[in-house]
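Working through the structure, step by step
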Amino acid sequence: MSENNSDIDYFHEEVDVEELVSSVSSQEPQYVVHCVETAAETLKLLKEWQMPSSVVHKILGLNLTVEDISNLIESDLNTIFAPDQLRDKIRFRTSLNNWRRHLPTGAASLDCCEKVVSSDQSASSHQIEKATYYIPRPPGGYPRGTFYDKYRNLRRSYIKKGYINKRARVKSVTYEIHESEDSDPAVDQGSSLHDLKLWLSSNFEPLQQVQENWTNTFPLRCPAGQKHYELTISEIMSEWPILKTAVASILINLDFAIVNPVAGSLETHWETFCGKVLNHVSGIGNKHNAENPDSWDIECMLGLHKLLPPSFSKTAGKSGKKKWTIADSQKSQVLFIPVLNDLETVMNQRRQEGKIQPFVVIIGTQAQPTGFFVYLDGHFLKFSKFVEAVDICFKIFHLFNVEYPDQSITVWEFISRYFYQIKSTTKQIPKVENLLNKFQVN
């Protein structure tokens, strides 16, 4: 991707306010005063944002006020910045969003950007028109006229407020940005990571770039030393909307590999697992005789629930504790829905039962499954194979730091230990330990 400002130099450049006054001297008096004020206010704001010179000249050239900037929307940015100026656009949008968060409710600009026009500047147009508006600088002299006087008064006010350097030449406002010559926004820490995060919020391709930016922004999701995201599952989904798209499973796999670089793989051990389940659960046929390979995989997973029946629930009832059944355990992990159109109806029923944790949805029947999804905080991730869906469902529990459902905690803990060699709970579960021993897993 080519960018006009791919090689940004140190920006130490003067914005000539006198030249600005001269360029608009043919306009109405009020307009000229407005231009001087606007340039100084906007310049101050862009300086605080540490914008490169290309952005400064672009915004000043449009005569945008601070209030105009506060009301910019995405379509406006698309008009201001050309497609090959993506880096400038990302930086500007990020600074704009961060600035808006600190604005008082209903405020259009910061206090430091208040207008400092004195009461004498509100004179009527009739009075101003009688004055000499602007006389260019003569050799060895100074500019004269009403506009230059107003500019000089403004300059004094801005010096007093700290907007400009007191030692700056009368004709200019000095604007300086310190930026490393060899800086690379793709790998810089801090604000550059937020730039990449902003890019990911509206770009889902090309996939290679998405994966690279996602990996680089990992520190924003998971603090150093932790094995899971810092925010709640709902907060993560809100902060990273790309997880609601078709590439979500790829991104989840990337993050899981970072926090668990030596973890095992469900797919690698799946065939061995199914063979062991066959030795301990009767009634499961041979995979080669199954009409649908996914059907056999589903049967093996459901068979694991028979080997690890649920314990008493933590929910108190009239009898003190309620005993979950094997069917309850299976349903909390895998939910069958006859047709896709029934999905919303079934989900409404499930919401009435209480908190919904991640689970696998199978469209069709066990014998004839036609689709696979994983529920993730109100969204459904689609998969082509049952085993892939189970794999991502487990990784969601682990990455998002979500507790396993009470009904199937033993099954998920076994999956964690057997396939991934990860202990997910703080204490051992005897049923899980016993089955691991039978399957000869340390």
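In case you missed it, the structure is sitting above this.
Residues numbered from 1 in each chain as written. Predicted model: local features only at pLDDT ≥ 70, side-chain atom pairs only at ≥ 80, totals over all residues. Heavy atoms only, no water.

Pairs may arise between side chains of opposite charge once their charged atoms sit close together. Taken as a whole, this structure holds 8 salt bridges when the rule is applied. In this structure, the salt-bridge partner of K89 is E74, at a minimum N-O distance of 3.3 Å. Here K89, found in helix α6 (residues 86-101), pairs with E74, found in helix α5 (residues 74-80); they are 15 residues apart in sequence, far enough to count as distant. Across the salt bridge formed by E344 and R351, the nearest N and O atoms sit 3.4 Å from each other. By relative accessible area, R351 is classed as partly exposed at 39%. It is possible to trace a salt-bridge network through shared partners that takes in E74, K89 and R93. (Salt bridge = Lys/Arg side-chain N within 4 Å of Asp/Glu carboxyl O. Helix = DSSP H or I, 4+ residues; strand = E, 2+ residues; numbered from the N terminus. Buried < 20%, exposed > 50% of the residue type's maximum accessible area, 1.4 Å probe, protein only.)

The subject of this paragraph is helix α17 (residues 343-352). Along α17, the residues classified as buried are L343, V346, M347 and R350. Projected down its long axis, α17 shows its buried positions confined to an angular sector of 100 degrees, all on one face. Those residues of α17 that are buried lie in contact with α16 (326-333), β3 (334-337), β4 (360-364), β5 (369-376) and β6 (379-383). (Arc of directions from axis to C-beta. Contact = heavy atoms within 4.5 Å.)

Spatial strand order, β3-β4-β5-β6: 4 strands in an open sheet with mixed pairing. Strands at the two margins of the open sheet, each flanked by one partner only, are β3 and β6. For this sheet, the mean inter-axis angle between neighbouring strands, taken without regard to orientation, is 30 degrees. Where β3 meets β4, 4 bridges bridge the pair, whose relative direction is parallel. Within β4, the residue paired with L335 across the bridge is V361. Helix-sheet contacts for helix α15 (residues 293-307) involve β3, β4 and β5, and the interaxial angle to β5 is about 50 degrees. Sitting on the sheet, α17 is in contact with β3, β4, β5 and β6, with an inclination near 135 degrees to β3. (Pairing = 2+ DSSP bridges. Axes fitted to C-alpha atoms, helices over the stretch in contact; angles between N-to-C directions.)

Below, the discussion takes up the pairing of β4. Burial of β4 is extensive: 5 of the 5 residues sit out of reach of the surface. The handedness of the β3 to β4 crossover, carried by α17, is right-handed. By the bridge criterion, 5 bridges tie β4 to β5 in an arrangement that is antiparallel. When the sheet's bridge partners are listed, V361 is paired in β5 with F373. The hairpin formed by β4 and β5 contains 4 residues between the paired strands. (Right-handed = clockwise from strand over helix to strand, strands pointing away.)

Following both chains from N to C, one finds α15 and helix α18 (residues 386-399) inclined at 40 degrees, their axes separated by 9 Å at the closest point. Relative to α18, α15 is oriented oblique. On α18, the residues that touch D294, D297, I298 and M301 of α15 are F386, V387 and V390. Looking at the contact of α15 with α18 residue by residue, the class counts come to 5 nonpolar, no polar and 2 charged. (Parallel < 35°, antiparallel > 145°, perpendicular 65-115°, else oblique. Nonpolar A, V, L, I, M, F, W, Y, C, P; charged D, E, K, R; others polar.)

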